[in-house]
Every structure is written in structure tokens, then in C-alpha cells.
Amino acid sequence: SCSAARSAGVRLCFGNILARIPSSYIMETVSSKVVDASADGFHSYDPGELKAFIEFINDSLKNDPDVSQHIPLKSEVDLATGSQDGVLLCKLINAVSRGTIDERAINKQRPLNVYKMDENLKLAINAAAAIGCRIVNISASSIRDGKLHLIMGLIWQVMRIYLLERVNIKSNPGIILLAEEGESAKDIMQLSAEKILVRWLRYELRKAGQEPKIKEINSEMKDLMVFSHVVSQLDKHFDKSVIEQDSVEKRAKALIESSERLKLKSFITEESLMEGNSKIYLMFTSQLFNCKDNGLELPEEKKIEVQKATITEESNAVGTKEERTFQLWINSLGLDGVYVNSFYPDLKDGLTILKLMNYVWPGSVVEGKYEKKPGSNKYKQIGNGNYAIAVGKDVKIRTAGLTGAGLADSNPTQVLGLLWQIMRANYLQIIGGKSEEELIAWANSVANYSPPIKNFKDPGFRNSKFLISLMSKLDPDIVDWGFVTQGEKDDEVELNAKYCINIARKLGAKIFITWEDIKDINSKMLTVFLAAIKDLFNNKPELEKAVMKKAEEEKAAPVSEEPKPGEAKAEEPKSEAAKTEETSNPQEKAGKSQGEKAGECEYSCLTACEFIFDPAYNSIGIEAVSYT
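Focus on the packing of aromatic side chains
Here's step 1: What the rule picks out here adds up to 13 aromatic pairs.
Here's step 2: Each ring, one from Trp200 and one from Phe289, has its centre 5.5 Å from the other, and the planes form 90°; the classification is edge-to-face. One end of the pair, Trp200, is in helix H9 (residues 193–207); the other, Phe289, is in helix H14 (residues 278–289), and 89 residues separate them in sequence.
Here's step 3: Judged by relative accessible area, which is 0%, Trp200 ranks as buried.
Here's step 4: Between Phe461 and Phe466, the aromatic rings sit 6.0 Å apart at their centres with planes inclined by 90°, giving edge-to-face as the arrangement.
Here's step 5: Site record: aromatic cluster; members linked through ring pairs are Tyr449, Phe456, Phe461 and Phe466.

Here it is in C-alpha cells:
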């Protein structure tokens, strides 16, 4: 009814206002810490950390026209408001990990209503998870509400990925020089980036004639002696006299002067170096490591060993891709005490696998039946592996061919096979314990697409059009069919697959599938993808019922494929189910009328408003362009 539409319009108007005002706008400086006061408590962070984040964003996005109204950021207020519509975060993720987000999926046409903002934010959050960020407790609404500690938490994780991207033996073969006695290139490849940086600092300290006592990068480096000795090896003009002087201020000044000579990006200041912030120290260490001459010049006799190790890794590309998928999935769960940095080394003691099993099947793992601190004891690791297999038998997953020794020895076939069983069970549980066959039947009934999909190896998945059609039933306006190709040529397959994945993330799906998985019809990843979409429908039961009813009504005349680009779709009479679907989200429908001609009815005039905001939020106003 019109009265209901008016109410929806009013909600939309005020939703747009509230969407632009961070609820955590009470910010004070207390004891050199910035305090963010929000509904869920007080959160503090160092000003130096904030400045480094802002400088990083400004440097990464300085030439991007889509965020030119925000860049350069100058304060925490700029960071909070600039992040609200999601465009800046999407762009930052792409700057760090190129191609992660399909730009066609980003809503850029401003002003954006609250629903379009949330789509961008969901896209950014789920894309961040796909590159290795932990997104537990980070939601679209929390970013839109300006909860700065969560925004900074997400940005730090994205920034960390950028900083550590080249800290590996493939990008820096000289890392082999950091191997300890008895270690091979393969052993070094399994170290986390942070551990490699610590070894590098110890290596440079030895060259400087110092006893390397450092075990991790943390606030204990506050006296800046470690950095001073290391930089003295990298910069021949470094003022070594500051090492002997009892002045942290002079060391900080000398380090910043050296960083300029070494042409490091200026995210860090003298003040921030003296704050004892472990994030600042990780930034500085990674920048020093990535400078042109980091002291790791590889001798000729070592080059062959590195080449063999990297060739072996590349020959196992499929296994490596699966490892990364499982690693991202495990880290996304936010399990207490679980974060996988190095895939096989972090799984071999069996503890992470047991925690995963207890997460998927609560109560399946019993205290006292496994070793909580197996360490490097092979016997205890095998015992935990055997217990994991026993739990697997209890919960009725496939365990044939698995052995405790195989899991402890990081046998790829056994480890990946067990993890797939756990992951598969988790996603099928989320959608109510359905089987793969039931999932396919459900997808066909909702998508109402011709030809239907027979199973998870069906070549019909390859062009992504079935999946895109299915998601369009969840939100018809989230798909721009002008971007969808016929999917016949290889480049068209790639374009469709990338767009498909980004639509799913935009809807809120947490998925780790790659476009190659769709192209190659990877049945495992397609199962997970479809389960994630089913979960989104589960959150909107009324819409699902309406879509199913509409599909049943149209069975006599099944809908064929979506129109080819440029073709107009024939107008069809609307069923009752279609009408229900159209009005199932009145706020979204209202949002689409912004900028359109007002005055056609009492409803549309409510959305034809100009929102007037002072940049500093000193005043807020609404002016109706046309009002009946």
C-alpha cells in the first residue's frame, strides 16, 4: 500500500542520514592514545599507527579517480567517513592484491544509499577474507557506523599482506642464507614471513658483530638498538655514533634519515618509532628487508638449490592452490588459538585438525584423549593424528587410507583429503545437512534455468551463467546482465567467473573459490560455493518461498537463458509470487528511485531528497527537491 511505501521511504531517508554519521564520533586523546568511544566500549590505538595507515592508503590510492573525493586522508574522521561507502576499501584491497575484486561489481555511482553501501562493504570484507584477512566481528554495519578500531583492524591486515608479500624465497632467493644447520631450501619455504624477518634481523646483527638475542618483532625493540645495528649494515652513511649515545631520540632521527637515503616509503615517523608499537616495527623491518640491497646476495652454488625447490613447488601448483584454500578457510573461522601461517608445519601436531573437528562436530573431541602440547615430539604428533582419525570414524566421514604417521609427516594426499571431509561437512551442516544431490535439486528449482545442472561435474557450470542466474533470484538488481558474456571463449569464461564470484561476495557469501575453479569445474569448490549461496537464501526464507512459488508457476513455460548483451527481454505478466518478490525488500526498491524524476506518486517524492552535509558534520540538513 502507499502508506507502507511511505513508511519505507521515511526509513530509507533517515537510514541514508545515519549511514553517513559514524556512531563512534566521540574521539579523545588520552595519554598519547586516541580513544574511540562506541556502543561496544572504548578502544585505543597509537597516533603513530593511525598516521602510518593513513599515509599507506594515500600512497596506494593517490591516482585513483574513484576515491579522489577522499584522498588524501588527513585524520581519523577522514578515515572513518572515507570507508563508509566501501569503495575506498575495495580499491585498497585491489591495490594490495591486484584483481581480487572485479571493478564491475563495485557500486560507484554516488550518492549511494545504505543498501548499495552495504553491498560494497560486504564485497570488501569477503574479498579481504579471500586474501587471508581474519574478518571475525567485522561487518558492513560496523564499518558504516564508523567503528574505527574495526576499520583499522581490517586495514592493518590488508597492509600486512602488502608488507610481507615479497618475504619469501621465490621473490628473494637470498633467504636461503638464513637457513640454520641441517635445513634445506624446502624447510625455509615453510617458514612464515615473520619468522623469516626475525632470522634476517639476527643475520644482520651477527654481521654487525652483535649477539642476536631477538626472538620476535615486538615492543622490546623500543630502544631501537636492533634497528640501529641492522641499518648500519645497509646504509654506509648511517651515523653509528648514536649507538653509543644514551638517546633514543637521536637513534630515531638517524634511522628516519637512513630510511630516506634507502628510499623507503615514508609511513613511519621518528615519534612512531619511539612508541614501542610492534606493528610499526613490523612495517619498518619489512621495508628494510625489501630495500634494494638487503644484504642477502646469493652465491652461485646456492642458486641451484633454490631453483630446484621453487620448481618442485610450481610443479605441485594444484596441491598448493588447495592448501591455500584450506588455509584461508581455517583462518576465517576465528577459532581460539588457531591461525595457520605455514600450512603443513602448523597442522602436523594434530591440534588444529582436532579443533576444527570439534568446531564442526561439537563435543566430538574429548579432553584427555589427545596431547595438548605435542611440540616436536613425533610420537605425540602421531598419537594426535590417530585420534583425529578415530573422531572422523565416529562422525562418519571417510577415513580410509589415513594414518597418524601420514598426517604427522604432512603427507599432502592425507592432509588435504581429511581437511576436505571436514570443510565439506561444515558447509553442508550450514544449509541444514543437505546432500550434494539435494543441493543441486534445490539450485535447479530456484534458478529455473535451462538447461538444468545435473551434478557438480556438469559442464554447464563453466560459463557461470547458471550461478549468476541463481544469485539474481536472491536480488534481481545485483546483477548487471550487460557485464555477462556468452561464456563461450576462454576470455569470456574468465570474465563471467570473476563477476560471478564478486556478486556472491557482494551478497555476503564467504567463499574462497577462484575463477579457475569455475573454469575447470572443480566439484569440491563448486559444492562449497553453492552451499554458501543456499545459506544466503536461508537467511531470507520468505523470499525463497516466493521465488520457489514463482518457479513452480512457470514450469509450464520454463524461462530460458538470460538475454544476450544488448537484447531486450520480453515483458511477461507478473505472477503473485513475482509481486511478492518485488516488494520483499521495499527499502531497496526505494533506494533505486534516488535521482529519478520525482512527483509521480506520494512514495517517489520521499526519495527525491538532497542530503546536505557539512564536511565536519557541524550541520546536517535535508532539502526536498520535489514534494507532493
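Still to come is the rest of the account.
Some points on the nonpolar core
Here's step 1: Counting 177 residues, the largest nonpolar core has Ile57, Leu273, Phe529 and Ile533 as the members making the most contacts within it.
Here's step 2: Here this core takes eleven residues from helix H7 (residues 148–164), the largest share from any one element.
Here's step 3: Ile533 has contacts with Trp442, Leu470, Met471, Ala504 and Ala509, leaving out every residue within four places of it along the chain.

Quick notes on the pattern of salt bridges
Here's step 1: Tallied over the entire structure, the rule returns 26 salt bridges.
Here's step 2: Glu494 is the partner of Lys498 in a salt bridge, and the nearest nitrogen-oxygen pair spans 2.7 Å. Taken as a pair, Lys498 and Glu494 lie in helix H24 (residues 490–507) at a separation of four residues, close to a single helical turn.
Here's step 3: Under the relative-accessibility criterion, Glu494 is labelled partly exposed at 26%.

Section: the packing of helix H22 (residues 436–447) against helix H26 (residues 523–538)
The geometry of a pair of packed helices is captured by two quantities: the angle between their axes and the separation between those axes.
Here's step 1: Axis separation between H22 and H26 bottoms out at 11 Å; the angle between their running directions is 60°. Here H22 lies oblique to H26, going by the angle between them. As for the relative orientation of H22 and H26, their crossing is left-handed in sense. On H26, the residues that touch Glu436, Leu439, Ile440, Trp442, Ala443 and Val446 of H22 are Thr527, Leu530, Ala531, Ile533, Lys534 and Phe537.
Here's step 2: In terms of residue class, the contact of H22 with H26 is built from nine nonpolar, one polar and two charged.

Some words on the packing of helix H3 (residues 76–83) against H7
Here's step 1: At a minimum axis distance of 10 Å, the contact between H3 and H7 shows a crossing angle of 80°. Here H7 runs roughly perpendicular to H3, going by the angle between their axes. Counted together, Glu76, Leu79, Ala80 and Ser83 of H3 and Leu148, Ile151, Met152 and Ile155 of H7 form the full contact between these two elements.
Here's step 2: Partitioning the contact of H3 with H7 into residue classes produces six nonpolar, one polar and one charged.

Rules used throughout
- Residues numbered from 1 in each chain as written.
- Predicted model: local features only at pLDDT ≥ 70, side-chain atom pairs only at ≥ 80, totals over all residues.
- Heavy atoms only, no water.
- Phe/Tyr/Trp six-rings, centres within 6.5 Å; stacked < 30°, edge-to-face > 60°.
- Helix = DSSP H or I, 4+ residues; strand = E, 2+ residues; numbered from the N terminus.
- Buried < 20%, exposed > 50% of the residue type's maximum accessible area, 1.4 Å probe, protein only.
- Core = buried A, V, L, I, M, F, W, Y, C linked by side-chain atoms within 4.5 Å.
- Contact = heavy atoms within 4.5 Å.
- Salt bridge = Lys/Arg side-chain N within 4 Å of Asp/Glu carboxyl O.
- Axes fitted to C-alpha atoms, helices over the stretch in contact; angles between N-to-C directions.
- Parallel < 35°, antiparallel > 145°, perpendicular 65-115°, else oblique.
- Left-handed = near helix turned anticlockwise from the far one by under 90°.
- Nonpolar A, V, L, I, M, F, W, Y, C, P; charged D, E, K, R; others polar.

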